[in-house]
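Coordinate analysis (summary)
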Amino acid sequence: MRIALVAPPLLPVPPVRYGGVERIVGVLAQGLVERGHDVTLFAPGDSGFNGKLVATVPQGLWNDGFKPDPGEQFLHSADVVLARADAFDVIHNHMDYYGFEMAEKSPVPVISTLHGRTDDDPLGGEIRAHPKVALIAISDSQRSFVPEGNWIATIHHGLDFTGVEPGTGGGDYLAWVGRLSPDKGIAETVDLARRARIRLRVAAKVLDPREQSMYDNVVAPAAAEGIVEFLGELDEKERDALMGGALATVMLSNWPEPFGLVAIESLALGTPLIARRSGALPEIVTNGIDGFVVDDAAQGAEAVAHIAGLDRAQIRQRALDRFSAARMLDDYEAVYRRAAEFAVHSDP
């Protein structure tokens, strides 16, 4: 098939360090090419794709730090794709609602995988405003907030775990990986570590003022106490070493995570999760097998005492079976074949 993959203009594909959407688009792009498809990637010009690349912006807007309003560049990206739409059998949008009008105008089928939160605006409202656009959810939780949307499938993310070795485990610390935004639960995670009297190693990016505030008011004081070791943003191998050596990875997000790549990365290393009962995490973590699903920091601290009893080899194998790139590619290929039936497009 002739497939267009449309990435946000924020980071190159694949990202140099951490970009969840861009990592998934990169896995799809490379995997589809290897399966014999004719793939064109619409993404920043500094992307590393070895197939056909159409630059929507010269380089990722976030390469040099936070940019407050990239809306114009998102809309430009959609226009670039729409101008070439006739060249494809299917267009796969990863720009959330910025691709909805493109989907309605396109002469060929467009499907949109949503990566953002749907429990709030703008995305929830935009789904309701464009009720015929074909949507892919990345978790059942994500689609549950707007059940009236035109959801044609739920496809959990998958990653290429080739070369990812089992973690050593047995570390005397907990791991936390993500952004220091308030909704990611870093304050609750620090509380958990204090309650459990265990060291917390934090790998995080600090881009915007809210994240800087969380660092100044939560992370830095805990580091001064010796509770937290702040590592900054790590590359993929460094993250694997961090999580692979941890007793557990903690995810106490206080909002409904649409998915959670950190979760499946940790599990693929054999490292269990202590995860909040929110969003997609209960779909990823089977309580008492892959880790523990908890409601707050207090329950998380209690779970620490039981982590050592879990089978890390089983945790790893389950993750490799459930969240592989091959499984994700299979799912998307099936959707592409059905796309013409579901996608909404008007005559050119």
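Read on for an overview of the structure. This is a predicted model, so every value here is computed, not measured. (Residues numbered from 1 in each chain as written. Predicted model: local features only at pLDDT ≥ 70, side-chain atom pairs only at ≥ 80, totals over all residues. Heavy atoms only, no water.)

Further remarks concern the packing of aromatic side chains. Taken as a whole and assessed by the stated rule, the structure comprises six aromatic pairs. Pairwise contacts between aromatic rings join F74, Y97 and Y98 into one cluster. Taking the ring centre of Y173 as reference, the NZ or CZ of R201 above it sits at 5.0 Å. (Phe/Tyr/Trp six-rings, centres within 6.5 Å; stacked < 30°, edge-to-face > 60°. Lys NZ or Arg CZ within 6 Å of the ring centre and 35° of its normal.)

Relative orientation of the contacting elements helix α6 (residues 186–196) and helix α11 (residues 297–304) amounts to 45°, with a least axis distance of 8 Å. The pairing of α6 with α11 is recorded here as oblique in orientation. In this structure, α6 meets α11 at a crossing whose hand is right-handed. Residues E188, D191, L192, R195 and A196 of α6 form the contact with α11, whose own contacting residues are A297, A298, G300, A301 and V304. (Axes fitted to C-alpha atoms, helices over the stretch in contact; angles between N-to-C directions. Helix = DSSP H or I, 4+ residues; strand = E, 2+ residues; numbered from the N terminus. Parallel < 35°, antiparallel > 145°, perpendicular 65-115°, else oblique. Left-handed = near helix turned anticlockwise from the far one by under 90°. Contact = heavy atoms within 4.5 Å.)

Next up on the list: the sheet that holds strand β7 (residues 151–154). Strands sit in the order β3-β2-β1-β4-β5-β6-β7 across an open sheet of seven strands; the sheet is parallel. Every interior strand has two partners, whereas the edge strands, β3 (52–55) and β7, have only one. Each neighbouring strand pair of the sheet contributes to a mean axis angle of 20°, computed without reference to strand direction. In terms of strand pairing, strand β1 (residues 2–6) meets strand β4 (residues 90–93) through four bridges, oriented parallel. Paired with A4 across the two strands is I91, which belongs to β4. Sheet contacts for helix α1 (residues 20–34): β1, β2 (38–43) and β4; angle to β1, the most-contacted strand, approximately 165°. (Pairing = 2+ DSSP bridges.)

This part covers the nonpolar core. Counting residues in each nonpolar core, the largest one holds 90 residues, and the members touching the most others are L5, L174 and L192. If we ignore the near neighbours within four places in the chain, the residues touching L5 are V25, L28, A29, L32, V39, T40, L41, F42, H92, H94 and Y336. In this structure, F74, V80, V81 and V146 belong to the second largest nonpolar core, which totals 28 residues. (Core = buried A, V, L, I, M, F, W, Y, C linked by side-chain atoms within 4.5 Å. Buried < 20%, exposed > 50% of the residue type's maximum accessible area, 1.4 Å probe, protein only.)

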